[in-house]
Amino acid sequence: MIYLLTTIHVIVCLFLVIVVLLQSGKAADLAGAFGGMGSQTVFGPRGSATVLSKATTIAAALFMVTSLSLSIMATRSGGSIPAIFEKKAAPLPKNGKPATTPNSGPIQVTPSVNGEPQQKQTIPLPPQPAPGQPAPQGQKK
């Protein structure tokens, strides 16, 4: 359904562009450039403007209807991307306690000086909140 409506929308857009470009201004034909008031057209001097203006009105109305319909269909489909600032909370495990991150414990490091290994050192890390949990006071994310 959405493909059909999109195809109709594109066709209406192209038709609207063509109809608007075909309309001429007041006395914009060659006779109007030299001061003449009449013109020889298929629909007569006023008939073509009336037909084109009706076609423009209908095409504009169809354009608005198809635009609104496509917008409503896209919104109802639920495939929208969440906003930048919306964060999805991580689900809790079955035991009900939040999971800890892998880097919540101390890190053991073996430094080397001139290629010779030195004594192992343990570097404690501050506890990190689980994904989706708020950061503790005084700690940046």
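Here the structure is a predicted model, which is why all the values come from computation and not from measurement.

A. Molecular detail of the overall build of the protein. If you tally the helices and strands in the protein, you get 3 helices and 4 strands. Secondary structure elements in the protein, listed N-terminal to C-terminal, are α-α-α-β-β-β-β. Counting across all 141 residues of the protein, residues that qualify as buried make up 9%. Of the contacts made within the protein by residues no fewer than 6 positions apart, 52% connect residues no fewer than 24 positions apart. Total accessible area on the protein stands at roughly 12100 Å², and carbon and sulfur atoms take up 66% of it.

B. Highlighting the environment of I107. On the secondary structure map, I107 appears in strand β1 (residues 107-109). Distance in space between the C-alpha atoms of I107 and L125 is 7.4 Å, their sequence separation being 18 residues. Ignoring sequence-local partners within four residues, the contact set of I107 consists of Q121, T122, I123 and L125.

C. Fine view of the confidence of the model for the protein. With 52% of its residues at a pLDDT of 70 or more, the protein shows a mean pLDDT of 74. Helix α2 (residues 30-33) is the least confidently modelled element of the protein, averaging 55 in pLDDT, while helix α1 (residues 2-22) averages 93, the highest of any element.

D. Spatial organisation of the side chain of T56. Along the polypeptide, T56 turns up in helix α3 (residues 47-76). Looking at T56, the relative accessible area reads 17%, which means it is buried.

E. Representation of a nonpolar patch on the surface in the model. The grouping of I107, V109, I123 and L125 at the surface amounts to a nonpolar patch, some 270 Å² of accessible area in total. The topology assignment puts V109 in strand β1. Accessibility expressed as a relative area gives 30% for V109, which makes it partly exposed.

F. Quick peek at the environment of T110. One can find T110 in the loop between β1 and β2 (112-113). Judged by its relative accessible area of 42%, T110 falls in the partly exposed class. As for T110 and Q121, which are separated by 11 residues in sequence, their C-alpha atoms are 6.2 Å apart. Excluding residues within four positions of it along the chain, T110 makes contact with P117, Q118 and K120.

Definitions and cut-offs
- Residues numbered from 1 in each chain as written.
- Predicted model: local features only at pLDDT ≥ 70, side-chain atom pairs only at ≥ 80, totals over all residues.
- Heavy atoms only, no water.
- Helix = DSSP H or I, 4+ residues; strand = E, 2+ residues; numbered from the N terminus.
- Buried < 20%, exposed > 50% of the residue type's maximum accessible area, 1.4 Å probe, protein only.
- Contact = heavy atoms within 4.5 Å.
- Areas by Shrake-Rupley, 256 points an atom, 1.4 Å probe, with all protein chains shown as cover.
- pLDDT = per-residue confidence, 0-100.
- Patch = residues over 30% accessible without salt bridge, like charges linked within 9 Å, V, L, I, M, F, W, Y side chains within 5 Å.
- Salt bridge = Lys/Arg side-chain N within 4 Å of Asp/Glu carboxyl O.

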